[in-house]
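In case you want the letters, here they are:
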Amino acid sequence: MAAAAPHEEAEALARRNGRLLWLIFWLALPLFIGLLLGWSQAGSAKQLGRFDALLFVLSGVLPSWWLYGLIGGALKRLWPALARPALLLLAPTMSSFLLEPLYIGRKMLFGLPHGNMRYEQFGEPLATILPFLQGNLLGIINFPVMGLFFFLMFRFDVLCWPGSARVAAPASDMGAARLPAMADTGVFGRLPARIGRDVQVLVAAEHYLRVVTAAGEAMVLYRLGDAIRDMAAAGIDGVQVHRSYWIATAAIAGHRREGSRLTLETPGGLSVPVSRSYRQALKARTGL
């Protein structure tokens, strides 16, 4: 049996790491938070014994955390251009209104009195909204903070499904893993050695092609369409997002919207425009 290509091994490792981080975020983390708060008998749990306090808190933290994921995943699909911090903050906030029956039912089950604080001093509509948010403030704070931490530290999107969970390899590692699979032909054979072969962005400029890698950039006499075929042949996953731009999916560090304009950001700070005619292809490839 033929050995797997280096870039295939790197991709498999990225997916394994992604699934591990997915389990840590969606199972180990809420369990830890629930056990910590239950053991310390925080909030309403102070009226219960320690064992009952653990059950009471876990019965609230676990379903709440998982509901955040369902709401966040739905928002991501319906509003793909929404900034990640806003997405992670909206998920627990919107979940608060659905969780109110759960909070009331748990207190009744454990024999605890239920009474919302009143916020008449704020006037409408805050006086109506704040009681729903009151019981979920910990999630509204913890969820976006931890979600951003996982993204910034591990380049991992916590709202992905387990089957597509992956961690983007560091740029230097990506280049090292793919280099043996690349022959110095096509566009790669025209690149100066100083910028390596870890291609992040291709930009058409009349008869020339601007090639941006993790180590620098160069202008070469080459066609964009031919370079895109070279990327596919070398195992570099990417997508054309504009008639003049192609970007490697691993090089997408973020995105932003200004009115109807969608722009992708690379780790090096390069902005890549996305035209309307290519947005469906981008969404199909990356979910953005």
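Before going into details, it helps to say that this report is about the structure given with it. As the structure is a computational prediction, the values presented were derived from the model and not from experiment.

**Observations regarding the overall build of the protein chain**
Turning to step 1, where the next piece is worked out: Looking only at helices and strands, the protein chain features eight helices and eight strands.
Turning to step 2, where the next piece is worked out: Here the protein chain holds 288 residues, and the buried ones make up 42% of them.
Turning to step 3, where the next piece is worked out: Within the protein chain, counting contacts between residues at least 6 apart in sequence, those at least 24 apart form 56% of the total.
Turning to step 4, where the next piece is worked out: When the accessible area of the protein chain is evaluated, it comes to approximately 15500 Å², of which 64% is carbon and sulfur surface.

**Things to note about the environment of R19**
Turning to step 1, where the next piece is worked out: Structurally, R19 can be placed in helix α1 (residues 6–39).
Turning to step 2, where the next piece is worked out: Under the relative-accessibility criterion, R19 is labelled partly exposed at 38%.
Turning to step 3, where the next piece is worked out: Taking the C-alpha atoms as reference points, R19 and C160, separated by 141 residues in sequence, lie 9.9 Å from one another.

**Looking at the packing of helix α2 (residues 50–78) against helix α3 (residues 84–109)**
Turning to step 1, where the next piece is worked out: α3 packs onto α2 with a crossing angle of 145 degrees between their chain directions and a minimal axis gap of 8 Å. Handedness of the α2/α3 crossing: right-handed. Within the contact between the two elements, α2 uses F56, V57, S59, G60, P63, S64, L67, Y68, I71, G72, L75 and K76 and α3 uses L87, L90, A91, P92, M94, S95, L98, L99, L102, Y103, R106 and K107.
Turning to step 2, where the next piece is worked out: Each residue belonging to the contact of α2 with α3 can be placed in one class, and the counts come to 16 nonpolar, five polar and three charged.

**Considerations on empty space enclosed by the protein**
Turning to step 1, where the next piece is worked out: Applying the stated criterion across every chain, the model contains two cavities of 30 Å³ or more.
Turning to step 2, where the next piece is worked out: In this structure, the largest cavity spans a volume of roughly 90 Å³.
Turning to step 3, where the next piece is worked out: Around the largest cavity, the lining is made up of eleven residues, and of these K76, L82, R84, L87 and H255 lie nearest the centre.
Turning to step 4, where the next piece is worked out: Grouping the constituent residues of the lining of the largest cavity by class yields six nonpolar, two polar and three charged.
Turning to step 5, where the next piece is worked out: Its boundaries defined by the atoms lining it, the second largest cavity holds a volume of some 50 Å³.
Turning to step 6, where the next piece is worked out: At the level of secondary structure, the elements contributing two or more residues to the lining of the second largest cavity comprise α3 and α5 (137–154).
Turning to step 7, where the next piece is worked out: A per-element tally of the lining of the second largest cavity places α3 first, with three residues.

Scoring rules and cut-offs
- Residues numbered from 1 in each chain as written.
- Predicted model: local features only at pLDDT ≥ 70, side-chain atom pairs only at ≥ 80, totals over all residues.
- Heavy atoms only, no water.
- Helix = DSSP H or I, 4+ residues; strand = E, 2+ residues; numbered from the N terminus.
- Buried < 20%, exposed > 50% of the residue type's maximum accessible area, 1.4 Å probe, protein only.
- Contact = heavy atoms within 4.5 Å.
- Areas by Shrake-Rupley, 256 points an atom, 1.4 Å probe, with all protein chains shown as cover.
- Axes fitted to C-alpha atoms, helices over the stretch in contact; angles between N-to-C directions.
- Left-handed = near helix turned anticlockwise from the far one by under 90°.
- Nonpolar A, V, L, I, M, F, W, Y, C, P; charged D, E, K, R; others polar.
- 1 Å grid on protein atoms, 1.4 Å probe; cavity = no way out; pocket = protein on both sides within 12 Å on 5 of 7 lines; lining within 4 Å.
- Points joined across faces, edges and corners; volume = space filled by probe spheres on them.

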